[in-house]
Structure formats: C-alpha cells, structure tokens
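Read off the chains here:
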Amino acid sequence: MSASGLQVSHVTKRFGADETEVIAVRDVSLKVEPGEVVLIMGPSGSGKTTLLLMLGALLKATEGTIALDGLELSALSESRLPDIRLQHFGFIFQDFNLLSALSVQDNVAFAAELTGIGHRAAREKAATLLSELGLGHRLRFSPDKLSGGEKQRVAIARALINEPSLLLADEPTANLDSKAGHETMRLLRQIAKEKGRSVVIVSHDQRIKDIADRVLWLEDGQFKGMVSMVTDPVCGMAVEAEHAVSLQHEGRTFYFCSQGCSWEFEASPEKFVSTIAAGHGAD
Ligand code: ADP
Ligand code: MG
C-alpha cells in the first residue's frame, strides 16, 4: 500500500462522558489518493465538521489513526502541529475567513510568510497564484469589495499557497449562489487534478456532487450507502427511492413524491410517457 495520500483507520470521536456523551464520528475508515476529490455529504449534525477537523489535525480523534503521506498525526506532539498544519493542509471555510484589513494579495501572502519565507517572496508567490486563479486584477482590492465567488477563490489561493498535499473544505458553497458555487468547486477540482492534491469537501449541497470523484454519505457519524434519488415523472421532484410511493407500469417501477402524483400517473400514464422517454423517468 502506498504511503502517499490520506489514510483514515477506525476513527471515532466522543464528546463528553457518561450520560452526556455524544459520539460524533463512529469507527470511520477512508483512503484518499493524491489528486482525488472526495465529497462527504450528510444531514446537519451527522459529524461532517468533526471528521474534517480531525483530518486537518485541528481536533484529536478519541480512537483510531489518521496518516497523511505516511505521517501519523496522532503520534505528533502538540508543539509540532501548527507547523505541520501550515505545510501539509489547506483549509477552506464557508465564511471565507479573509482579513478585511489586508488586501487580497496580502491575505494570501500572509499565509506564506508564516512558513518563514520573506515578505517580498511571499507577495510575489501570492500574486502568481492569484493570477493563475483569475484574480490578477484584484490583488490590491480589499476582500470586502469582491463577490462571494471571488472571495472563495482568494480563500482557495490562501489554502494552496504553501503547496499542501491535502485541501479540506467545510461547506465551501454555503454562502455562494448556485453558479458561483459550482464554478468555484470546478476550479478546486481542476487544481486537485493538475497539482495532484487530495481534496476532501464536506457539504450538504447536492449541486456540487458532479465535481467529486467519489461521494460518501455520512449519517450518525458513520458512512452509509448513498441514498438513491429518483425523479417523480409527474411533478419532476427528486425523491428518495427507498421512501417514495411506487407503482409498476409496463414492467417498470415508477416513484412518486406523494399518493396524489401516483394517482395522476395511474389515471393517464401516456401523458407522462414522453417525459419518461426524454430521460426524466425512474428505473
Ligand atoms: P455536521 O458538521 O455534520 O453538522 P458536527 O460534526 O458539527 O456535524 O456535529 C456532530 C455531532 O457532534 C452533533 O451531535 C454535535 O452536537 C456534536 N458536537 C460537535 N462538536 C461538539 C463539541 N465540541 N462538544 C460536544 N458535542 C459536539
Ligand atoms: Mg458542519
């Protein structure tokens, strides 16, 4: 087995003890290859943020091990962690976390300076990277003057400046409109592929599913089989096959959001057959 990439083995996180104990993450295992984009989805409270914080060495696992490029995080002393985080991880948050007192360029340069490179070199490196991300014309701007999508691209530049092997993003599209969210996530994917960086995104945003190489579903702190979504041929709504109203028609199963839709279909299936043939039907 190669030592590069991220290797998570039987990780559990408990908060509190006895009757107040919460098990936020239960016995999770996961391997992410260099250049791979993994999206972890799940409802609110399912343990996504807790898992991500552990992957980024911001929170200690109660049990289990996490290794990045063969480096075992739980074995590191507290005093080494800040340097390790700076050099091996890039973090992207939903609220961007940019400093409005600094220009776009200095927000990114600042992260580089923390590793000990000089101010000028850091600013040059930041300018090059920001230009690559299409923000060359925004270097001197205050982050306050940027659109949401631009702010998130600055945050991506800041996460990338120290060439980390793992990028971690927590609900990165939560404050973006649909188009900006999708474009920003496509850019993140492109970077992962071009530079061989692993990316783990946690989100409940269904709209970004297609940018991931793999989508995992977290529920009650554990990975579950992905819920299969199908389309109601009557109203066009996406429904979970497992919990939907269904009926058989000409040897096929159709799924509906409600009894009402299934009755409408039953009354005149031919009305919906063309919609089905056009690719909106369910299997
Ligand atoms: P998500 O990001 O999927 O919404 P979280 O990881 O934030 O979920 O939370 C998972 C569970 O762990 C929740 O029940 C939450 O209340 C609990 N939890 C998270 N952080 C703490 C903490 N610091 N102390 C106690 N419980 C926590
Ligand atoms: Mg969260």
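This structure is a prediction, so every number in the text was calculated from the model and none was measured.

Asker: Sorry if this is basic, but what is going on with the packing of helix α5 (residues 148-160) against helix α6 (residues 178-195) here?
Answerer: Where α5 meets α6, the closest approach of the two axes is 9 Å, and the angle between their N-to-C directions is 20 degrees. Looking at the two axes, α5 sits roughly parallel to α6. The two elements α5 and α6 meet at a crossing, and its hand is right-handed. Residues Gly149, Gln152, Arg153, Ile156 and Leu160 of α5 form the contact with α6, whose own contacting residues are Ala180, Thr184, Leu187, Leu188 and Ile191. Of the residues that constitute the contact of α5 with α6, the class distribution is six nonpolar, three polar and one charged.

Asker: Sorry if this is basic, but what is going on with a nonpolar patch on the surface here?
Answerer: On the surface, Leu99, Phe110 and Leu114 cluster together into a nonpolar patch covering about 280 Å² of accessible area. With respect to the secondary-structure elements, Leu99 resides in the loop between β6 (89-92) and α3 (104-113).

Asker: What exactly am I supposed to notice about the site of ligand 1 here?
Answerer: In the vicinity of ligand 1, the contacting residues are Phe15, Val22, Ala24, Pro43, Ser44, Gly45, Ser46, Gly47, Lys48, Thr49 and Thr50. Taking Lys48, its side chain carries an N or O atom lying 2.9 Å from an oxygen atom of ligand 1. With the chains in place, 57% of the 560 Å² that ligand 1 exposes on its own is no longer accessible. Mapped onto the shell around ligand 1, the elements with two or more residues apiece are β2 (22-32) and α1 (48-55). The element best represented in the shell around ligand 1 is α1, accounting for three residues.

Asker: Help me understand the pairing of strand β14 (residues 252-256) in this model?
Answerer: Both faces of the sheet carry side chains from a regular strand, because those side chains alternate between them. The pairing of strand β13 (residues 245-249) with β14 spans five bridges and is classified as antiparallel. Looking at the pairing, Ser246 lines up with Tyr255 of β14. As consecutive antiparallel partners, β13 and β14 are separated by two residues, and within that stretch Glu250 has a phi angle of approximately 45 degrees, a positive value.

Asker: Please explain the environment of Ile211 as it appears in this structure.
Answerer: Residue position: Ile211 is located in the loop between β8 (198-203) and β9 (214-219). The sequence separation of Ile211 and Gly251 amounts to 40 residues, and the corresponding C-alpha distance is 34 Å. Those residues in contact with Ile211, other than ones at most four positions away along the chain, are Val37, His182, Met185, Arg186, Arg189 and Ile201.

Asker: Sorry, what's going on with the environment of Ala192 here?
Answerer: Inspection of the secondary structure puts Ala192 in helix α6. Look at Ala192 and you get buried, because its relative accessible area is 0%. For the pair Ala192 and Gly35, spaced 157 residues apart in the sequence, the C-alpha separation amounts to 5.0 Å. Not counting residues within four places of it along the chain, the set of residues in contact with Ala192 comprises Gly35, Val37, Arg197 and Val199.

Asker: Any chance you could explain the side chain of Gln152 here in plain terms?
Answerer: Considering the arrangement of structural elements, one finds Gln152 in helix α5. Residue classification places Gln152 among the buried residues on the basis of a relative accessible area of 0%. With near-sequence residues (within four places) excluded, Gln152 lies in contact with Ile92, Phe93, Gln94, Phe96, Pro172, Leu176 and Thr184.

Asker: Hey, could you run me through the side chain of Thr173 in this one?
Answerer: Following the sequence through the fold, Thr173 ends up in the loop between β7 (166-170) and α6. Those residues within four positions of Thr173 in sequence are excluded, and the remaining contacts are Gly181, Met185, Ser203, Asp205 and Ile208.

Procedures and definitions
Residues numbered from 1 in each chain as written. Chains lettered and ligands numbered in written order. Predicted model: local features only at pLDDT ≥ 70, side-chain atom pairs only at ≥ 80, totals over all residues. Heavy atoms only, no water. Axes fitted to C-alpha atoms, helices over the stretch in contact; angles between N-to-C directions. Helix = DSSP H or I, 4+ residues; strand = E, 2+ residues; numbered from the N terminus. Parallel < 35°, antiparallel > 145°, perpendicular 65-115°, else oblique. Left-handed = near helix turned anticlockwise from the far one by under 90°. Contact = heavy atoms within 4.5 Å. Nonpolar A, V, L, I, M, F, W, Y, C, P; charged D, E, K, R; others polar. Patch = residues over 30% accessible without salt bridge, like charges linked within 9 Å, V, L, I, M, F, W, Y side chains within 5 Å. Areas by Shrake-Rupley, 256 points an atom, 1.4 Å probe, with all protein chains shown as cover. Salt bridge = Lys/Arg side-chain N within 4 Å of Asp/Glu carboxyl O. Near = heavy atom within 4 Å. Polar contact = N/O pair within 3.5 Å; in protein donor to acceptor, adjacent residues only side chain to side chain. Pairing = 2+ DSSP bridges. Buried < 20%, exposed > 50% of the residue type's maximum accessible area, 1.4 Å probe, protein only.

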